[in-house]
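Structural characterization, general
In case you want the letters, here they are:
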Amino acid sequence: MDKYDLKKAHRTLYAPSAREFSRVEVPSFQYLCVEGHGNPGTAVAYSQALEALYSLSYSLKFESKNTLGRDYVVAPLEGLWWAENMDAFITRDKDAWSWTMMITQPDWITATMVAEAAAKVGAKKELPGLNKLTFESMFEGLCVQILHHGSYDDEGPVLKRLHEHYLPENLLQFNGKHHEIYLNDPRRTAPEKLKTILRQPVRPL
């Protein structure tokens, strides 16, 4: 059985340069999502969101393999981030951040499958984040992205360069929320070895 791997199927979206910003066209994907607010390092809602997302994503993977004969690699964790003042990301004022944490699902996963899997997962373990979980499609279109190596707290200069130089110099403006894709697990990876795709939906001025 061949495993579907989102990162390989859409390589240009998941393997950007770490040196220069690149432009990509991001098609519509479907996601499991949990929305919340606050510092991801300390907010209980954030850890609850991740536990619910991973539990349901792996349940769906096994259900797909066993009932449909279609196996796949669980996609990386992603996050949409925003604040009333977007400078909060450059200054790293994490208490001001709002977020939607997400995991992409293959296009053959249906809302019925999600509801059935959520019921099974919820029956086995109490997961507060499960009640906040939604299944949504999202289209971003034109985006600018770059691969960031290192600690999440070192993203500020990269975002400053994007916001204050690359976008205005290329006559582009925001067209959606700041998007991050986490290519490795921070629980098992040293901060200096983390790899994060920083993506910003844009449109011409």
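Throughout what follows, the structure given in this document is the object of discussion. (Residues numbered from 1 in each chain as written. Predicted model: local features only at pLDDT ≥ 70, side-chain atom pairs only at ≥ 80, totals over all residues. Heavy atoms only, no water.)

**Remarks on the overall build of the protein chain**
When you go through the protein chain residue by residue, the secondary structure sums to six helices and 11 strands. Expected size for 205 residues packed as a compact globule is a radius of gyration near 17 Å; at 17 Å, the protein chain falls within 12% of this value. Projected onto the principal axes, the alpha-carbon positions of the protein chain cover approximately 50 × 35 × 35 Å. When the 205 residues of the protein chain are sorted by exposure, 47% land in the buried category. Considering only intrachain contacts with a sequence separation of at least 6, the fraction spanning at least 24 residues in the protein chain is 77%. For the protein chain, the accessible area works out to roughly 10700 Å², and carbon and sulfur atoms hold 51% of it. Separation of charge centres in the protein chain, based on 24 positive and 26 negative side chains, amounts to 7 Å. (Helix = DSSP H or I, 4+ residues; strand = E, 2+ residues; numbered from the N terminus. Rg over C-alpha atoms; globule rule 2.2 N^0.38 Å. Buried < 20%, exposed > 50% of the residue type's maximum accessible area, 1.4 Å probe, protein only. Contact = heavy atoms within 4.5 Å. Areas by Shrake-Rupley, 256 points an atom, 1.4 Å probe, with all protein chains shown as cover. Lys, Arg positive; Asp, Glu negative; His and termini not counted. Charge placed at Lys NZ, Arg CZ, Asp CG, Glu CD.)

**Looking at the packing of helix H3 (residues 44-68) against helix H5 (residues 111-124)**
At a closest axis distance of 9 Å, the pairing of H3 and H5 adopts a crossing angle of 115°. Crossing hand, H3 versus H5: right-handed. On the side of H3, the interface is formed by Ser55, Leu56, Ser59, Leu60, Glu63 and Leu68, while H5 contributes Met113, Val114, Ala117, Ala118, Lys120 and Val121. When the residues that make up the contact of H3 with H5 are grouped by side-chain class, the tally is eight nonpolar, two polar and two charged. (Axes fitted to C-alpha atoms, helices over the stretch in contact; angles between N-to-C directions. Left-handed = near helix turned anticlockwise from the far one by under 90°. Nonpolar A, V, L, I, M, F, W, Y, C, P; charged D, E, K, R; others polar.)

**Thoughts on the pattern of salt bridges**
Inspection of the entire model under this criterion finds 10 salt bridges. Measuring nitrogen to oxygen at the nearest pair gives 2.8 Å for the salt bridge that ties Lys94 to Asp153. Linking Lys94 in the loop between helix H4 (87-90) and strand E6 (98-105) with Asp153 in the loop between strand E8 (141-149) and helix H6 (156-169), this pair joins segments that are 59 residues apart in sequence. Asp153 sits in the partly exposed class, given a relative accessible area of 41%. (Salt bridge = Lys/Arg side-chain N within 4 Å of Asp/Glu carboxyl O.)

**Concerning the packing of aromatic side chains**
Overall, the coordinates contain eight aromatic pairs when judged by the stated rule. Arranged with centres 5.6 Å apart and planes meeting at 70°, the rings of Tyr4 and Trp108 form a pair that is edge-to-face. Of the two residues, Tyr4 sits in strand E1 (residues 3-4) while Trp108 sits in the loop between E6 and H5, which places them 104 residues apart along the sequence. Given a relative accessible area of 27%, Tyr4 falls into the partly exposed group. We classify Trp108 as buried; its relative accessible area is 13%. The interplanar angle of 75° and the centroid separation of 5.5 Å between the aromatic rings of Tyr152 and Tyr182 together place this pair among those described as edge-to-face. You can see Tyr152 sitting in the loop between E8 and H6 and its partner Tyr182 sitting in strand E10 (residues 178-182), a full 30 residues away along the chain. Looking at Tyr152, the relative accessible area reads 24%, which means it is partly exposed. Of the aromatic side chains, those joined through ring pairs into one cluster are Tyr46, Trp81, Trp97 and Trp99. (Phe/Tyr/Trp six-rings, centres within 6.5 Å; stacked < 30°, edge-to-face > 60°.)

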